[in-house]
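What the coordinates show
Take a look at the letters that make up each chain.
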Amino acid sequence: MFKEGELIIYNNEGVCRVEAVGPLKDLSDSAGDRLYYKLSPVYGKGSIFIPVDTKVFMRPVISKDEANELIRRIPDIEGGDLSNVNQKQLAEYYQSSFMSHECEDLLQLIKTVYLKTHKQILSGKKPGQTDQRYMKRAEELLHGELAIALGIDMKEVPDYIEHVLSDKSAV
């Protein structure tokens, strides 16, 4: 069970802070003994109330060391080959990357779309809107978690990654 103040990944919402843990007194269907998390999205608005015993995915944010190790491994993470897939297969591939809730899978999705977009531009085609939308969301989720783990602003994450990759002895 997560504790108040912890930062967690909640489903595909991204990083959330556990604001409170306890029973919901104002819900008519609440028996009073079922515990709920009150979550506040770090990069969003509002509050999320979710039972502690839910099957919805939640995990702790990765550590600073894990974030730096992941960044160092970026050159070794392979982008997928989407040259012979239809729209349905493409959507399934993207969804599976999100459903794993793993930073490495988000990185692979980003690299895949980046390489696909690069090939399209070189051949005079426009990048696909679906590809760009999924890549943007993957970047938001990944950069949000990396920012929290590294203790930096989310806008600083791309420069941080570039710095680490240009100087592998850093960090």
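Placed above this text is the structure.
Quick look at the structure, then. Nothing here was measured: the structure is a model prediction, and the numbers come from that model.

Rules used in this analysis
- Residues numbered from 1 in each chain as written.
- Predicted model: local features only at pLDDT ≥ 70, side-chain atom pairs only at ≥ 80, totals over all residues.
- Heavy atoms only, no water.
- Helix = DSSP H or I, 4+ residues; strand = E, 2+ residues; numbered from the N terminus.
- Buried < 20%, exposed > 50% of the residue type's maximum accessible area, 1.4 Å probe, protein only.
- Contact = heavy atoms within 4.5 Å.
- Areas by Shrake-Rupley, 256 points an atom, 1.4 Å probe, with all protein chains shown as cover.
- Lys, Arg positive; Asp, Glu negative; His and termini not counted.
- Charge placed at Lys NZ, Arg CZ, Asp CG, Glu CD.
- Salt bridge = Lys/Arg side-chain N within 4 Å of Asp/Glu carboxyl O.
- Axes fitted to C-alpha atoms, helices over the stretch in contact; angles between N-to-C directions.
- Parallel < 35°, antiparallel > 145°, perpendicular 65-115°, else oblique.
- Left-handed = near helix turned anticlockwise from the far one by under 90°.
- Nonpolar A, V, L, I, M, F, W, Y, C, P; charged D, E, K, R; others polar.

We now examine the overall build of the protein chain. Tallying secondary structure elements over the protein chain gives five helices and five strands in all. Reading the protein chain from its N end, one meets helices and strands in the order β-β-β-β-β-α-α-α-α-α. In terms of overall dimensions, the protein chain has a C-alpha envelope of 60 × 40 × 25 Å along the principal axes. Taking all 171 residues of the protein chain together, the buried fraction comes to 36%. Once local pairs closer than 6 in sequence are excluded, the contacts in the protein chain between residues at least 24 apart make up 55%. Entry remark: accessible area of the protein chain is about 10,400 Å², with carbon and sulfur atoms responsible for 51%. Between the mean site of the 22 positive side-chain charges and the mean site of the 27 negative ones, the protein chain shows a separation of 5 Å.

Enumeration over the complete set of coordinates arrives at seven salt bridges. Here E145 ties to R59 by a salt bridge, and the two come within 2.7 Å at their closest N and O atoms. In this pair, E145 sits in helix α4 (residues 129-150) while R59 sits in strand β5 (residues 58-60), placing the two residues 86 residues apart along the sequence. Comparing E145 with R59 shows no difference in burial state: the two are buried. A salt bridge links D131 to K116, with the shortest nitrogen-to-oxygen separation between them at 3.0 Å. With D131 in helix α4 and K116 in helix α3 (residues 103-122), this pair connects stretches of sequence that are 15 residues apart. According to the relative accessible area criterion, D131 is buried, its value standing at 3%. Each of K136, R137 and E140 takes part in salt bridges that share partners, so that together they form one network.

A few words now on the environment of S96. In this fold, S96 is placed in helix α2 (residues 87-99). S96 gets classed as partly exposed once you look at its relative accessible area, which sits at 42%. When the C-alpha positions of S96 and L109 are compared, they lie 9.8 Å apart, and in sequence the two are 13 residues distant.

Angle between the axes and distance between the axes are the two parameters that describe a pair of packed helices. Where helix α1 (residues 64-72) contacts α4, the two axes come as close as 8 Å, and the packing angle between them is 130 degrees. The orientation of α1 relative to α4 falls into the category oblique. In the packing of α1 onto α4, the handedness of the crossing is left-handed. Residue-level contacts link K64, A67, N68, L70 and I71 of α1 to L142, L146, A149 and L150 of α4. A class-by-class count of the residues in the contact of α1 with α4 yields seven nonpolar, one polar and one charged.

This part covers the environment of C16. One can find C16 in strand β2 (residues 14-23). Residue C16 is classed as buried on the basis of its relative accessible area, which comes to 0%. For the pair C16 and S166, spaced 150 residues apart in sequence, the C-alpha to C-alpha distance is 31 Å. Here C16 is in contact with E6, L7, I8, Y10, L39, S40, P41, V42 and I48, once residues within four sequence places are set aside.

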